[in-house]
Amino acid sequence: TDIEKGTYPHFMLKEIDEQPFVIRKIIQKYQNENDEIKLEPEIREAMKNCDRIYIIAAGTSYHAGLLGKQFIEKLANIPVEVHVASEFSYNMPLLSEKPLFVYISQSGETADSRSVLVQTKKLGHPALTVTNVPGSTLSREADYTMHLHAGPEIAVASTKAYTAQMAVLAILAVDTARAKGIELDFDPMQELGIVATAMEALTDQKEELEQLAREYLPTTRNCFFIGRGIDFYVGLEGSLKLKEISYIQAEGFAGGELKHGTIALIEEGTPVVALATQASVNYSIRGNVQEVEARGANSMIISMKGLEKDGDAFILPHVHDLLTPLVSVVPLQLISYYAALHRDCDVDKPRNLAKSVTVE
Ligand code: G6P
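Residues numbered from 1 in each chain as written. Predicted model: local features only at pLDDT ≥ 70, side-chain atom pairs only at ≥ 80, totals over all residues.

**Comments concerning the overall build of the protein chain**
Then step 1. When helices and strands are tallied, the protein chain shows 13 helices and 10 strands.
Then step 2. For the protein chain, whose C-alpha radius of gyration is 20 Å, the value lies close to the compact-globule estimate of 21 Å for 360 residues.
Then step 3. Burial analysis of the protein chain (360 residues in total) assigns 52% to the buried set.
Then step 4. Taking all contacts inside the protein chain whose residues are at least 6 apart in sequence as the whole, residues at least 24 apart take part in 75%. (Helix = DSSP H or I, 4+ residues; strand = E, 2+ residues; numbered from the N terminus. Rg over C-alpha atoms; globule rule 2.2 N^0.38 Å. Buried ≥ 20, exposed ≤ 12 C-beta atoms within 10 Å, placed from the backbone. Contact = placed C-beta atoms within 7 Å.)

**Topic: the nonpolar core**
Then step 1. Among the nonpolar cores identified, the biggest contains 120 residues, and Tyr103, Leu128, Ala167, Val168, Ala173 and Val195 are the most heavily contacted of them.
Then step 2. Leave out the neighbours within four places in its chain, and leucine 128 touches Ile43, Ala46, Leu100, Val102, Ala142, Asp143, Tyr144 and Met146. (Core = buried A, V, L, I, M, F, W, Y, C linked by C-beta atoms within 7 Å.)

**Considerations on the site of the ligand**
Then step 1. The immediate surroundings of the ligand are formed by 15 residues, with Gly59, Thr60, Ser105, Ser107 and Thr110 found nearest.
Then step 2. Top element by residues in the shell around the ligand is helix α4 (residues 59–76). It accounts for three residues.
Then step 3. Partitioning the shell around the ligand into residue classes produces four nonpolar, 10 polar and one charged. (Near = placed C-beta within 6 Å. Nonpolar A, V, L, I, M, F, W, Y, C, P; charged D, E, K, R; others polar.)

**Topic: helix α3 (residues 41–49)**
Then step 1. Buried within α3 we find Ile43, Ala46 and Met47. Each buried residue of α3 lies within a common arc of 95° when the element is viewed along its axis, so the set occupies one face. Pointing more than 90 degrees away from the buried face of α3 are the exposed residues Pro41, Glu42 and Asn49.
Then step 2. Turning to α3, the residues buried within the fold contact β3 (99–105), β4 (127–131), β5 (144–147) and α8 (160–179). (Arc of directions from axis to C-beta.)

**Some details on the sheet that holds strand β8 (residues 271–276)**
Then step 1. Spatial strand order, β7-β6-β8-β9-β10: five strands in an open sheet with parallel pairing. The open sheet has two edge strands, β7 (249–254) and β10 (314–316), and neither has a second partner. Shown here is a sheet whose adjacent strand axes are inclined to one another by a mean of 20°, direction ignored.
Then step 2. Where strand β6 (residues 222–227) lies against β8, three bridges are found, and the strand directions are parallel. When the bridges of β8 are listed, isoleucine 226 appears paired with alanine 274.
Then step 3. Sheet strands touched by helix α11 (residues 230–246): β6, β7 and β8. Its angle to β7, the strand with the most contacts, is close to 175°. (Pairing = 2+ DSSP bridges. Axes fitted to C-alpha atoms, helices over the stretch in contact; angles between N-to-C directions.)

**Description of the pairing of β6**
Then step 1. Of all six residues that make up β6, five are buried, and the element is covered over most of its length.
Then step 2. For β6 and β7, the ladder comprises six bridges, and the chain directions are parallel. Paired with phenylalanine 224 across the bridge in β7 is glutamate 251.
Then step 3. Chirality of the crossover, the property in question, places the unit of β6, α11 and β7 among those that are right-handed. (Right-handed = clockwise from strand over helix to strand, strands pointing away.)

**Some thoughts on the environment of glutamine 249**
Then step 1. Residue position: glutamine 249 is located in strand β7.
Then step 2. In this structure the C-alpha to C-alpha distance between glutamine 249 and cysteine 223, which are 26 residues apart in sequence, comes to 6.3 Å.

Keep in mind that these numbers describe shape and distance, not what the molecule does.
Here it is as structure tokens:
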């Protein structure tokens, strides 16, 4: 590959640092000279005309899809289902009358997603692919493509593609809302600009985040991530990052589900990362933190400015409520990176994993 690490020790760290630039690039690429959203009119029509969206994806792209559902349902008022590609055909849902399939894939080559695409094309349903690789299989075989503009992602653990996917899905949601005549008091480009600045501040805090990795994850065998609402979905991604590169057994849970099983695993010193970026659940997630702490957990609270409390481990710059996942994931990426580094793991090429999985 021609892509170089430059002064970076790993592609993953370089790609984490590129996120503010990628977000700014997306703002630029999806805006026309009149500051309107620039999108192929056919995509706008397809979104406007469908009665339900089925997002199909795998891995990190699936996690981005879970948040894409929030954006589309909350802003554009269209019901969305999110499916793991490999499971779709076994659990084929009853489809609505006018479904639109949205394939989210960094590489555009994931075989499980492609096999669903082949199936839904056969049924005659329209398909939109959101990918970092226009010209990839999923892009060529779908009716429409939205490009992530993230630049090549080399590290196996996906970072900048995830935040790019969420940014593009947020823009798509707003465009659809506008096309449907829904009044929003949400300017996506302005809010994404604030996100880019926040990401920059976060990537400047590497020393603090390395310290957190050292303090909380030195020799631990496992680690739990909890959150409520959209923080739960970011916790899923945080746990995936940590497990795939550091081999620490990591799981993400909804705060309210803890008491239904996971809390049995909490022992003296078990690290629990809790996200608190939403005012509406700040109180209840902190209640969950007390529950695990009472059982000996070593909890690391990552909160959003304005919601912080004494003792929180890390405070995120304030961004729009809906876009918090784009910033809350950054410290999780960096903590995972440092945890893996401290364990001498091969950060860019974790064992047993491939960058794109082209077999079903
Ligand atoms: C592999 C990669 C992951 C990625 C997943 C889906 O497992 O290691 O980083 O999230 O495939 O890939 P895609 O290219 O479809 O987003």
